[in-house]
Amino acid sequence: MTGSSDEEPKDRTDPCEYDSCAAGSGPVGSNATDPRLNWVNSFPVTSVKYGLSTFGPQVWGDGAVPDLVVTGPNVGSNLFLAVPFSGTVGAAVEAAHNHGIPALAFSGADTGALAWDTQPVPARSTVYAALAAQLTDRVLAAGAPYLPDDVFLNVNFPSVEDGDCADPADFSWVLSRVNPGGLSDPDVETCGGTRLPTETDVVNADGCFVSVSVGDASDKTTAPADKQVVVLEKLGDFLTCLK
């Protein structure tokens, strides 16, 4: 499965994972008690397309367009070489590149799929959700246009299960890049330099650091400095330097 995979949904022959939908329930469906919650029996990219073309208009009304698309938080990191193959990133790129809607892709280092109604709710779920809401709120508060054209933010959280980063207040946010700089043009000038740390370096650093990479939605690499600076200025003191 690659991050750009897209396939027309097919009828289900088996129940959804954790019996969250019944066998034979069709190619797409909605939650019986909350029609705002929908599923698509296909890839993440396909799900975004259906959300924008089919499910969304049922909620917002015909002609309405969302301000922002959020994907994740994904179970497991999406860093560097994993980015091109990530469904989470692929869904965000679909929104930003093919529909012109700014998008945020969230992923967390802790792994292991769990049912939606697992009790007690694991710490990683509550912490990652709170962190994703923090950045989303900050992006929205900065005002439209929320991101430069053809840009998405690839955001990665470190592990919370080791106990060192157990509270959303423990985390700091660092502007990063998807791939190593190498011979590429300089990044935006910040933290005393013109080369941002890679998102891998940020997530693996000692401490509770979240990487925020400005991604180019046309190729899933790092966006150029002129687009990085827009994000830097919008997020302002929300960001810190990697110590």
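Keep in mind that this is a model prediction, so the values were computed, not measured.

*Asks:* Hey, could you run me through the UniProt feature "domain: Survival protein SurE-like phosphatase/nucleotidase" (unreviewed entry) in the protein in this one?
*Replies:* When the UniProt feature table is mapped to this numbering, "domain: Survival protein SurE-like phosphatase/nucleotidase" (unreviewed entry) covers residues 39–165. Along residues 39–165 one finds 38% helix and 17% strand; the C-alpha atoms at either end are 32 Å apart.

*Asks:* Help me understand the nonpolar core, please; the structure alone is not making it clear to me.
*Replies:* Inside soluble globular proteins, nonpolar side chains tend to come together where they are buried. Leu135, Leu153, Val155, Phe157 and Trp173 are the most contacted members of the largest nonpolar core, which totals 32 residues. A total of six residues in this core trace back to one element, the largest contributor, which is helix α3 (residues 123–141). One finds Val48, Val89, Ala91 and Phe152 within the second-largest nonpolar core, a separate group that totals 16 residues.

*Asks:* Is there a simple way to explain unusual backbone geometry in this structure?
*Replies:* The phi torsion of most residues other than glycine is negative, and most of the peptide bonds are trans. Put simply, Gln119 and Pro120 share a cis peptide bond, and its omega is -5°. Take Pro120: it is sitting in the loop between β4 (103–108) and α3. A cis amide bond, omega -5°, links Ala144 with the succeeding residue Pro145. With respect to the helices and strands, Pro145 occurs in the loop between α3 and β5 (151–157). Despite not being glycine, Cys191 has its phi angle at roughly 55°, a positive value. Tracing the sequence through the fold places Cys191 in the loop between β6 (172–176) and α4 (199–204).

*Asks:* I'm lost on the environment of Pro73 in this one. Help?
*Replies:* Locating Pro73 in the fold gives a position in strand β3 (residues 69–75). The class for Pro73 is partly exposed, based on a relative accessible area of 37%. Residues Pro73 and Arg36, spaced 37 residues apart in sequence, show a C-alpha to C-alpha distance of 18 Å. Leaving out residues up to four positions away in the same chain, Pro73 has contacts with Phe106, Tyr128, Ala129, Ala132 and Phe157.

*Asks:* When you look at empty space enclosed by the protein in this model, what are you seeing that I'm missing?
*Replies:* Over the atoms rolls a probe the size of a water molecule, and in doing so it shows where empty space is left. As enumerated under the stated definition, the model contains one cavity of 30 Å³ or more in all. Computed from the structure, the largest cavity encloses a volume of approximately 30 Å³. Together, Val139, Tyr146, Leu147, Val231, Lys234 and Leu235 line the largest cavity. If one sorts the elements of the lining of the largest cavity by residue count, helix α5 (residues 225–235) sits on top with three residues. Along the lines of polarity and charge, the residues of the lining of the largest cavity split into five nonpolar, no polar and one charged.

*Asks:* Would you take a moment to explain the layout of surface pockets for this structure?
*Replies:* Considered as a void within the structure, the second largest pocket measures approximately 190 Å³ in volume. In terms of lining, the second largest pocket is formed by 15 residues, of which the most central are Thr190, Cys191, Leu196, Thr240 and Cys241. Residue classes in the lining of the second largest pocket are distributed as nine nonpolar, five polar and one charged.

*Asks:* In this structure, what is going on with the state of the cysteines? I would like to understand it.
*Replies:* Every disulfide links exactly two cysteines, by a covalent bond between their sulfur atoms. Applying the stated rule across the entire model yields three disulfides. Here Cys16 is linked by a disulfide to Cys21, with a sulfur-sulfur distance of 1.7 Å. When the S-S torsion is 75°, as for the bridge of Cys16 with Cys21, the disulfide is right-handed. The side chain of Cys191 participates in a disulfide bridge whose partner is Cys241; the two sulfur atoms lie 2.0 Å from each other. Across the S-S bond of Cys191 and Cys241 the torsion is about -95°, and the bridge reads as left-handed. One end of the pair, Cys191, is in the loop between β6 and α4; the other, Cys241, is in the segment after α5, with 50 residues separating them in the sequence. Residue classification places Cys241 among the partly exposed residues on the basis of a relative accessible area of 33%. Should the bonded cysteines of the protein be numbered as they appear in the sequence, the pairing reads 1-2, 3-5, 4-6.

What counts as what
- Residues numbered from 1 in each chain as written.
- Predicted model: local features only at pLDDT ≥ 70, side-chain atom pairs only at ≥ 80, totals over all residues.
- Heavy atoms only, no water.
- UniProt positions renumbered as here; feature names shortened; annotations may be inferred.
- Helix = DSSP H or I, 4+ residues; strand = E, 2+ residues; numbered from the N terminus.
- Core = buried A, V, L, I, M, F, W, Y, C linked by side-chain atoms within 4.5 Å.
- Buried < 20%, exposed > 50% of the residue type's maximum accessible area, 1.4 Å probe, protein only.
- Contact = heavy atoms within 4.5 Å.
- 1 Å grid on protein atoms, 1.4 Å probe; cavity = no way out; pocket = protein on both sides within 12 Å on 5 of 7 lines; lining within 4 Å.
- Points joined across faces, edges and corners; volume = space filled by probe spheres on them.
- Nonpolar A, V, L, I, M, F, W, Y, C, P; charged D, E, K, R; others polar.
- Disulfide = S-S within 2.5 Å.

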